[in-house]
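Listed below, chain by chain, are the residues.
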Amino acid sequence: MKIIKMPQGLHEVFGEQQSAAEIVATLMFALAGSAVMYFGLYQPTHPGVSWMTAPGMLLVADVFAGCVANFTHGTNRFYAGRPKGRLIFILIHVHILAIAWLLGAPFEYALLTWIYTIAAALIINQLQGHKLQTFFGAFLMCIGLLVLIALPIPAWFLLCCVFFMVKVVFSFAVNHYPQ
């Protein structure tokens, strides 16, 4: 597999080096997931405000891409060596709130999803180096997913919430490849 040295501006996404296969897979998943959501499930609630759709869909693509990219060796290694960077990255994840506003999803469910996701990720982040970090990451993610599925959320937004939670709680907050 060809390893690519990533430009400085992409270190937060792919780390300092990344395999070509992981980059392609990440981009394919972001495009496919966004297309499934937009063309198969999304029903605009405020169709007269079309300027909001493009930035909303870019954030959706970022959620899908990050869900996969955060599992890669390059991204995992980058944040494993930068605990403060990992904490900041968790705290700046307001994507689901912006997606709800831009695409017209129920904001109360977006806020509930965001609060749980960030709180769970912060807990998991505190377990860095502990042998049960992966287990508790999966445990908190599964609890969150169970609650999400029980809520009356439109299918397209449920898809976004599920992948947002997986991205931040399990894919990102857990160090999948400790040395």
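Refer to the structure above for everything that follows.
Residues numbered from 1 in each chain as written. Predicted model: local features only at pLDDT ≥ 70, side-chain atom pairs only at ≥ 80, totals over all residues. Heavy atoms only, no water.

S.K.: Mind laying out the overall build of the chain, listing which residues take part and the relevant values?
M.R.: When its secondary structure is counted, the chain shows 9 helices and 2 strands. Secondary structure of the chain in N-to-C order comes out as β-α-β-α-α-α-α-α-α-α-α. Counting only C-alpha atoms, the chain reaches 50 × 35 × 25 Å along its principal axes. When contacts within the chain are restricted to residue pairs at least 6 apart in sequence, long-range pairs at least 24 apart make up 74% of them. About 9,200 Å² of surface is accessible on the chain, with carbon and sulfur atoms providing 73% of the total. When the 8 positive and 5 negative side-chain charges of the chain are each reduced to one mean point, those points stand 11 Å apart. (Helix = DSSP H or I, 4+ residues; strand = E, 2+ residues; numbered from the N terminus. Contact = heavy atoms within 4.5 Å. Areas by Shrake-Rupley, 256 points an atom, 1.4 Å probe, with all protein chains shown as cover. Lys, Arg positive; Asp, Glu negative; His and termini not counted. Charge placed at Lys NZ, Arg CZ, Asp CG, Glu CD.)

S.K.: Please provide a residue-by-residue account of the packing of aromatic side chains, values included.
M.R.: Using the criterion set out here, one finds 16 aromatic pairs in the structure. When the centroid spacing of 4.5 Å and the interplanar angle of 40° are considered together, the rings of Phe89 and Phe172 count as tilted. Remark: Phe172 occurs in helix H9 (residues 155-172) and Phe89 occurs in helix H5 (residues 83-91); sequence separation between them is 83 residues. Summarising the burial analysis for this pair, Phe89 and Phe172 share the class buried. By the ring-pair criterion, three or more aromatic residues cluster together here, those being Tyr38, Phe39, Tyr42, Trp156 and Phe157. Between Arg86 and the ring centre of Phe172, over which it is positioned, the NZ or CZ distance is 5.2 Å. (Phe/Tyr/Trp six-rings, centres within 6.5 Å; stacked < 30°, edge-to-face > 60°. Buried < 20%, exposed > 50% of the residue type's maximum accessible area, 1.4 Å probe, protein only. Lys NZ or Arg CZ within 6 Å of the ring centre and 35° of its normal.)

S.K.: Could you give an account of the nonpolar core, with specific residues and numbers?
M.R.: Counting 45 residues, the largest nonpolar core has Trp156 and Phe157 as its most contacted members. If you list the elements that add at least two residues to this core, you get helix H2 (20-41), helix H3 (53-69), helix H4 (73-80), H5, helix H6 (95-103), helix H7 (107-126), helix H8 (133-150) and H9. (Core = buried A, V, L, I, M, F, W, Y, C linked by side-chain atoms within 4.5 Å.)

S.K.: Account for a nonpolar patch on the surface, naming residues and giving values.
M.R.: Taken together, the side chains of Leu112, Leu132, Phe135, Phe136, Phe139, Ile143 and Val147 make up a nonpolar region of the molecular surface, amounting to roughly 590 Å² of accessible area. Here the nonpolar patch gets 5 residues from one element, more than from any other, and that element is H8. By secondary structure assignment, the location of Phe136 is in helix H8. (Patch = residues over 30% accessible without salt bridge, like charges linked within 9 Å, V, L, I, M, F, W, Y side chains within 5 Å. Salt bridge = Lys/Arg side-chain N within 4 Å of Asp/Glu carboxyl O.)

S.K.: Tell me about the side chain of Thr26, and please be specific about residues and values.
M.R.: For Thr26, the position within the fold is in helix H2. The exposure class assigned to Thr26 is buried, which follows from its relative accessible area of 1%. If near-sequence neighbours (up to four positions away) are discounted, Thr26 is found in contact with Phe14, Ala65, Val68, Ala69 and Thr72.

S.K.: Tell me about the pattern of salt bridges, and please be specific about residues and values.
M.R.: When the charged atoms of two side chains with opposite charge come close together, those side chains can pair. Summed over the entire model, instances satisfying the criterion amount to 2 salt bridges. Across the salt bridge formed by Arg82 and Glu16, the nearest N and O atoms sit 2.9 Å from each other. Of this pair, Arg82 sits in the loop between H4 and H5 while Glu16 sits in the loop between helix H1 (11-14) and strand E2 (17-19); the two residues are 66 residues apart in sequence, bridging distant segments of the chain. Two residues, Lys167 and Asp62, come together in a salt bridge whose shortest N-O distance is 3.1 Å.

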